[in-house]
Amino acid sequence: MSRCESGGTMKSLPLSPLESQTATLSGGGLRERLALEMRVREVEEENRALRRELAQPPRAAPRHGRHGNQSRTYSTEEGTGDSEGQRAASNNSECVPHPPVDKCETIHVAIVCAGYNASRDVVTLVKSVLFHRRNPLHFHFITDSIAQRILASLFDTWMVPAVRVDFYDADELKSEVSWIPNKHYSGIYGLMKLVLTKTLPSSLQRVIVLDTDITFATDIAELWAVFHKFKGQQVLGLVENQSDWYLGNLWKNHRPWPALGRGFNTGVILLLLDRLRKLKWEQMWRLTAERELMSMLSTSLADQDIFNAVIKQNPFLVYQLPCFWNVQLSDHTRSEKCYKDVSDLKVIHWNSPKKLRVKNKHVEFFRNLYLTFLEYDGNLLRRELFGCPSEADHNSENLQKTLSELDEDDPCYEFRRERFTVHRTHLYFLHYEYEPADDHTDVTLVAQLSMDRLQMLEAICKHWEGPISLALYLSDAEAQQFLRYAQGSEVLMSRSNVGYHIVYKEGQFYPVNLLRNVAMKQVNTPYMFLSDIDFLPMYGLYEYLRKSVVQLDMVNTKKALVVPAFETLRYRLSYPKSKAELLSQLDMGTLFTFRYHVWTKGHAPTNFAKWRTATTPYRVQWEADFEPYVMVRRDSPEYDRRFVGFGWNKVAHIMELDAQEYEFVVLPNAYMIHMPHAPSFDITKFRSNKQYRVCLKTLKEEFQQNMSRRYGFAALKYMTAENNS
């Protein structure tokens, strides 16, 4: 807690209760310690009351209109000033009374975000804001269709209290700025901050605009409070550019756009939207851009060049933010001057195409701050803002109602709870580009995995050239390890038709069927091959399945095409290139039919004896515990989420397909081979934990009862078959 000299009335406190104990307690008696702690709390409360009093604005000062609840509890802005002189004294700025931000006032943040990479990068910014915030937040994302799909899913499953998200279609805005030639790596989306007055709701009066490569080191409410410092016609809050770019002396014949001095950086902008609209901002920036483009021909720094050209002509529009609100880490940065003067850094801006690889002698410090949020567990940010009424979130309310109806004394409570757990999900973690073939036979391989199976990805990509949809169950830190692994792999980077969907870890079980469902939902081909990550499909299986779609009239019939499964116990296998070669290895004992020695029933109905000599597809009947790997239409039923970890997760799905009258047809020239690996944690739990097995049996019985209710008389065979098996 900082100490302020304010007319002698602000009491000085020890830095921590521990220090106060060591300073005043020699005997360390419990009674004295409790009395001291009570006194510390009293003094802290007095200080808080005093700060609230100091924070009251002068009565005659007009108050700006605000969005959100008009509570009278304040958080105060620290360390802001509007000149170099004020910056030098900023470390003592807590002693200066500042206009307030109401505790429950909604802070509005606008971000332009387009594409797969930006959608991934913006999450770190959002985490840093959520970590420090104490106010409700309303994010306004200007996105392309890709970013909207990813971020809408992410926020829906993140379920952070007191956070609202709205999306605005960037593609509809392209015509507003497409006439401006732009050399910046951000492309056309780098110009869209210019049209925010037109894009955002007319009722929205002010907004903080951020680039995706920003990291917050403080509460964003402190920045929101700076709006109260705007005077006269000031409508833009900006930090001075911290490089010599606009001075034009970086290299010979360097000719930048016009700017006031060093110019301003637009990575962090405070926009007074209502006043900008009154000033006819749209007309102002367009006329300026048209005039300058006659000689400049294109922008080099996207919207920043145009903002600076407008400010050069109208310097009264800008309120200069202190440099610590946008510490810029570009190659030619002079930001070191900023944090020599100001120890309390607030916003870091990675405004170089090199991002974390930028050259800066203090880059390790900044990189560590960034990595803290990059790998931070996002689930921990689902914390309530107590004392602020929030909008009703029906999804959250329904979830709480469902969970409250579960019996916590039930020995299988954790199993039942997992079925309703909402896992934060980031779709398309890496770039994805694939258009299904026009002949309507295309098929996507679907699988799920955790960190310990990452090494299988390259091999699967070599065996299957078609599209792949993968759900990965990872922590935030593991997601970054995966990213580094993928980006370092020539095989994975050469493929743009693999969709990687991160489902973040939560709870004690591996949610295998949720993962399968996530991967299935992202399939954009007419058919999907439901596989597992430990299997290598035969070379050419992708094309063979597509031909089978036509041969077996999959369009007009409900069929599940069975791909016979085999296994090897050898880590180094000469993979058979034909059915004849596979049969030879089977006879030599190099290969086995899958799980023949521990779980024969799982694949017995495939009828491997018949398959050996089959030359045409043949139909097989469902039997108890049948769990083949199949290709089905994209609209086939989902997996049942009640089955987690090991046991019955595929069996239940195959039973559902049978209940819906799918025909099981075995393909005579298809095969897949299971590669050896260490036992999973879940199978170890199944084998060693009796309660685990008891709960699995209970869930099986409940599933069968549900089947009977849904499918009536036809489902009785599942009960009978289970009892007989």
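Residues numbered from 1 in each chain as written. Predicted model: local features only at pLDDT ≥ 70, side-chain atom pairs only at ≥ 80, totals over all residues. Heavy atoms only, no water.

**Side note on the overall build of the protein**
Counting its regular elements, the protein contains 26 helices and 25 strands. Here the protein, with 725 residues, has 54% of them falling under the buried criterion. Pairs at least 24 apart in sequence give 79% of the contacts found in the protein among residues at least 6 apart. Here the protein displays about 32800 Å² of accessible surface, and carbon together with sulfur accounts for 51% of that area. (Helix = DSSP H or I, 4+ residues; strand = E, 2+ residues; numbered from the N terminus. Buried < 20%, exposed > 50% of the residue type's maximum accessible area, 1.4 Å probe, protein only. Contact = heavy atoms within 4.5 Å. Areas by Shrake-Rupley, 256 points an atom, 1.4 Å probe, with all protein chains shown as cover.)

**With respect to the pairing of strand β19 (residues 559–563)**
For β19, a buried count of 5 out of 5 residues is recorded, marking the element as mostly surrounded by other parts of the structure. Of the two faces of β19, both are covered, the one formed by Lys559, Leu561 and Val563 as well as the one formed by Ala560 and Val562. Where β19 meets strand β24 (residues 663–666), 4 bridges bridge the pair, whose relative direction is parallel. Following the sheet pairing, Leu561 is matched in β24 by Val665. Where β19 meets strand β23 (residues 629–633), 3 bridges bridge the pair, whose relative direction is antiparallel. In the strand pairing of β23, Val562 is matched with Val630. (Pairing = 2+ DSSP bridges.)

**Quick look at the state of the cysteines**
Tallied over the entire structure, the rule returns 2 disulfides. Two residues share a disulfide in this structure: Cys412 and Cys695, whose sulfurs sit 2.1 Å from each other. Residues Cys412 and Cys695 are joined through a disulfide that is left-handed, its torsion about the S-S bond being -95°. In this pair, Cys412 sits in the loop between α14 (394–404) and α15 (413–420) while Cys695 sits in helix α25 (residues 690–711), placing the two residues 283 residues apart along the sequence. (Disulfide = S-S within 2.5 Å.)

**What to know about the sheet that holds strand β6 (residues 206–210)**
Spatially, the 7 strands line up as an open sheet ordered β5-β4-β3-β6-β9-β8-β10, and their pairing is mixed. Both edges of this open sheet fall to β5 (163–169) and β10 (318–321), since each of them pairs with a single strand only. When strand polarity is set aside, the average angle formed by the axes of neighbouring strands in this sheet is 25°. Bridge count between β6 and strand β9 (residues 264–272): 5 bridges; the pairing is antiparallel. The partner of Leu210 across the bridge, within β9, is Val268. Contacting β8 (236–240), β9 and β10, helix α11 (residues 303–313) runs over the sheet at an angle of about 65° to β9. (Axes fitted to C-alpha atoms, helices over the stretch in contact; angles between N-to-C directions.)

**What to know about α25**
Here α25 is 22 residues long and its end C-alpha atoms lie 32 Å apart, about the 32 Å a rise of 1.5 Å per residue gives. Of all the positions in α25, only Tyr692, Cys695, Leu696, Leu699, Lys700, Phe703, Gln704, Asn706 and Met707 are classed as buried. Gly712 lies just past α25 and shows a positive phi near 65°. (Expected span 1.5 Å × (residues − 1).)

**Focus on the packing of aromatic side chains**
Under the counting rule described, the total for this entry stands at 31 aromatic pairs. Taking the centre distance of 5.7 Å and the plane angle of 45° together, the rings of Phe141 and Phe155 count as tilted. Here Phe141 is found in strand β4 (residues 137–143), whereas its partner Phe155 is found in helix α5 (residues 145–158), with 14 residues between them in sequence. Phe155 sits in the buried class, given a relative accessible area of 12%. With 5.9 Å between their ring centres and 35° between their planes, Phe155 and Trp158 make a pair best called tilted. Of this pair, Phe155 and Trp158 both sit in helix α5, 3 residues apart, which is roughly one turn of the helix. Just as Phe155 is buried, Trp158 falls in that class too. Following the ring pairs from residue to residue traces out a cluster consisting of Phe139, Phe141, Phe155, Trp158 and Phe167. Taking NZ or CZ as reference, Arg424 lies 5.5 Å from the ring centre of Trp158, over its face. Over the ring of Tyr639 we find Arg516; its NZ or CZ atom is 5.1 Å from the centre of that ring. (Phe/Tyr/Trp six-rings, centres within 6.5 Å; stacked < 30°, edge-to-face > 60°. Lys NZ or Arg CZ within 6 Å of the ring centre and 35° of its normal.)

**Concerning the side chain of Ser636**
Considering the arrangement of structural elements, one finds Ser636 in the loop between β23 and α23 (649–659). Overall, the relative accessible area of 6% leaves Ser636 in the buried class. If we ignore the near neighbours within four places in the chain, the residues touching Ser636 are Met520, Met528, Leu657 and Tyr662.

**What about the sheet that holds β24?**
A sheet is described by the order of its strands in space; here 9 strands give the open sequence β13-β16-β15-β14-β17-β23-β19-β24-β22, paired in mixed fashion. Edge strands, defined here as strands with exactly one partner in the open sheet, are β13 (425–426) and β22 (618–620). With 2 bridges connecting them, β13 and strand β16 (residues 498–504) associate as antiparallel partners. Bridge pairing in β16 places His426 opposite Ile502. Contacts from helix α16 (residues 456–463) reach β14 (443–450), β15 (468–474) and β16, with the element oriented near 175° to β15.

**Quick word on unusual backbone geometry**
The backbone of Asp625 sits at a positive phi, close to 70°, despite the residue not being glycine. Looking at the secondary structure, you find Asp625 in the loop between β22 and β23. Non-glycine residue Glu661 carries a positive phi angle of around 65°. One can find Glu661 in the loop between α23 and β24.

**A look at the confidence of the model for the protein**
Considering every residue of the protein, the mean pLDDT works out to 83; 79% of them sit at 70 or more. Scored below 50 in pLDDT, residues 1–28 shows 34 contacts in the model against residues more than four places distant or in partner chains. In the predicted structure, residues 57–96 sits below a pLDDT of 50 and forms 95 contacts with residues beyond four places in sequence or in another chain. (pLDDT = per-residue confidence, 0-100.)

**Examining the pairing of β24**
Pairing geometry for β22 and β24, over 3 bridges, is antiparallel. For Val620, the partnering residue across the bridge sits in β24 and is Phe664.

**A short note on the side chain of Gln234**
Counting through the fold element by element, Gln234 comes out in the loop between α8 (220–224) and β8. Among the residues examined, Gln234 registers a relative accessible area of 17% and is labelled buried. Within polar-contact distance, the side chain of Gln234 engages the backbone nitrogen of Lys231 at 2.8 Å. What Gln234 contacts, discounting residues up to four positions off in sequence, is Lys229, Leu272, Arg275, Phe316, Leu317, Val318 and Tyr319. (Polar contact = N/O pair within 3.5 Å; in protein donor to acceptor, adjacent residues only side chain to side chain.)

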